[in-house]
Amino acid sequence: MDRATLDAAYNNSEAVADSPNWLEQWRARSAVRRAAPHARLDLAYGDKERTSLDYFAAGVSGAPLLVFLHGGYWQRNSKEMFSFVADGPNARGVDVAVVGYTLAPAARLSEIVGEIDAALDFLVADTGGFDFDRRRVVVGGWSAGGHLASVASARPMVSGALCISGIFDLEPIALCYLNDLLRLDRREIEQLSPLRRIHAGAAPQCLVVGGDELPELRRQSADYAEVASRFGLPIRSRTLPGHHHFSMLDELAGSDGALTTELLSLLGE
């Protein structure tokens, strides 16, 4: 692909005509969720402006935990927009932590990955007062968050990863408009592309993509799952017909949604 074609191939906002309406809907739904009793908001896990997380407990002692990482191609959005994703898991007895992180260009991708590691360390430490089962921690994420979740699956405290419309090879990202702010270098492409760092011992991963998403997004998940299968690794892929990039998250916000069901499967429930 030439630059213009590649730019269009990864522009989800242009591909979904009403994408601004979806973002506004998420903000409104999240505002309601954040105003609910017992929501623990803006818990600092680092010393930067965005290095904090929100915790939504299901109200069950020893519940499993979903650590959710938002999307926006590592350079847009915030955790406050995604509180609504806690609705589905909470209804099924799963605690949810929605993590914020520094955006590019203020941070390189390698620094963002380091912040996710710090958030996980903060959550599993006894000092946080979180009453969840440390043996059942799934990291999930949407879009760029799907990439971050896949990278985090190598951490020993992670029992599974739910990667929604994720990015698994950074090479095309480095060649399109997204790299204007990301400034990916060769080392980051090689070390932070899940497709290029497949190894034994990583937690099981479920890759889910919408049937109406851009072809490149569907290809990213399919290629990663295919390469992983050659190594016999516990990575599987699923396509949800009728869903585009933004509608996917409704399947996590609903207690009986397809993504909530995949989450429970990763948790062994």
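Each remark here, short or long, concerns the structure printed above.
Residues numbered from 1 in each chain as written. Predicted model: local features only at pLDDT ≥ 70, side-chain atom pairs only at ≥ 80, totals over all residues. Heavy atoms only, no water.

Asks: Help me out: how do you make sense of the overall build of the protein in this one?
Replies: For the protein, the helix and strand inventory stands at 12 helices and 8 strands. Relative to the 2.2 N^0.38 estimate, which gives 18 Å for 269 residues, the radius of gyration of the protein is 17 Å and therefore close to what a compact globule would have. In the protein, which comprises 269 residues, the proportion classed as buried is 58%. Considering only residue pairs separated by 6 or more positions, the protein has 74% of its internal contacts joining residues 24 or more positions apart. When the accessible area of the protein is evaluated, it comes to approximately 10,500 Å², of which 52% is carbon and sulfur surface. Averaged over its 26 positive side-chain charges, the protein has a centre that lies 3 Å from the centre of its 35 negative ones. (Helix = DSSP H or I, 4+ residues; strand = E, 2+ residues; numbered from the N terminus. Rg over C-alpha atoms; globule rule 2.2 N^0.38 Å. Buried < 20%, exposed > 50% of the residue type's maximum accessible area, 1.4 Å probe, protein only. Contact = heavy atoms within 4.5 Å. Areas by Shrake-Rupley, 256 points an atom, 1.4 Å probe, with all protein chains shown as cover. Lys, Arg positive; Asp, Glu negative; His and termini not counted. Charge placed at Lys NZ, Arg CZ, Asp CG, Glu CD.)

Asks: Looking at this structure, how should I read the side chain of Glu262?
Replies: Along the chain, Glu262 turns up in helix H12 (residues 258-266). When sequence neighbours within four positions are dropped, the list of residues in contact with Glu262 reads Leu162, Cys206, Val208, Arg236 and Arg238.

Just distances and angles here, no functional claims.
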